[in-house]
Amino acid sequence: MSNAELARMIEAEHPYRGRALFELCDRVAADDDAVAKVAMLSRLTSLRRARLFDRVSLAWSAIIALLAAETENAREEAYAAFGALDPEEQRDMLDYLEVTVIEEAHPRIA
């Protein structure tokens, strides 16, 4: 599927939106279009409410994927997406990532 098709599935809250998001996230290290779409999608209220486990939302997983890509563009988008979170959610995410500021986060996705 194309990036646009995956993004539409996610926006439409398709039952496989999580899988679609993860597929799109797998592309961010090599695809600036995927970076832009993942960054935009991380701001969706539906993804901020959808929990993978405990406090970790689909929006967080998108931000973590952007951070893990370790490209300048992806990290800038991750910082902006993180900045769009509510202050309490930012604190929780920093706690989860075990850092004091988002710029210190260098997660690895295996």
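Residues numbered from 1 in each chain as written. Predicted model: local features only at pLDDT ≥ 70, side-chain atom pairs only at ≥ 80, totals over all residues. Heavy atoms only, no water.

Each pocket or cavity is described by its volume, and for the largest pocket that value is around 240 Å³. Around the largest pocket sit 14 residues that line it, and F22, L52, S61, I64 and I109 are the ones nearest its centre. Taken together, the elements giving at least two residues each to the lining of the largest pocket come down to α2 (17-26), β1 (51-53), α5 (58-69) and α7 (87-97). The dominant element in the lining of the largest pocket, judged by the number of residues it contributes, is α5, at four residues. For the lining of the largest pocket, the per-class residue count stands at 12 nonpolar, one polar and one charged. (1 Å grid on protein atoms, 1.4 Å probe; cavity = no way out; pocket = protein on both sides within 12 Å on 5 of 7 lines; lining within 4 Å. Points joined across faces, edges and corners; volume = space filled by probe spheres on them. Helix = DSSP H or I, 4+ residues; strand = E, 2+ residues; numbered from the N terminus. Nonpolar A, V, L, I, M, F, W, Y, C, P; charged D, E, K, R; others polar.)

It is worth spelling out the nonpolar core at this point. Core analysis: the biggest nonpolar cluster contains 38 residues, and L66, M93 and L97 have the highest contact counts within it. At the level of elements, α1 (3-11), α2, α3 (32-41), α5, α6 (72-83) and α7 are the ones that each hand at least two residues to this core. If one sorts the elements of this core by residue count, α5 sits on top with 10 residues. Setting aside chain neighbours within four positions, we find L97 in contact with I64, L67, I102 and A105. (Core = buried A, V, L, I, M, F, W, Y, C linked by side-chain atoms within 4.5 Å. Buried < 20%, exposed > 50% of the residue type's maximum accessible area, 1.4 Å probe, protein only. Contact = heavy atoms within 4.5 Å.)

With that settled, the discussion passes to α1. Taken together, the buried positions of α1 are occupied by N3, L6, A7, M9 and I10. Angularly, the buried residues of α1 cover 160 degrees about the axis, an arc narrow enough to put them on a single face. As for α1, its buried residues are in contact with α2, α3 and α4 (45-49). Note on α1: the residue one or two positions beyond its end, E13, has a positive phi of about 55 degrees. (Arc of directions from axis to C-beta.)

What is shown is where atoms sit, not what they do.
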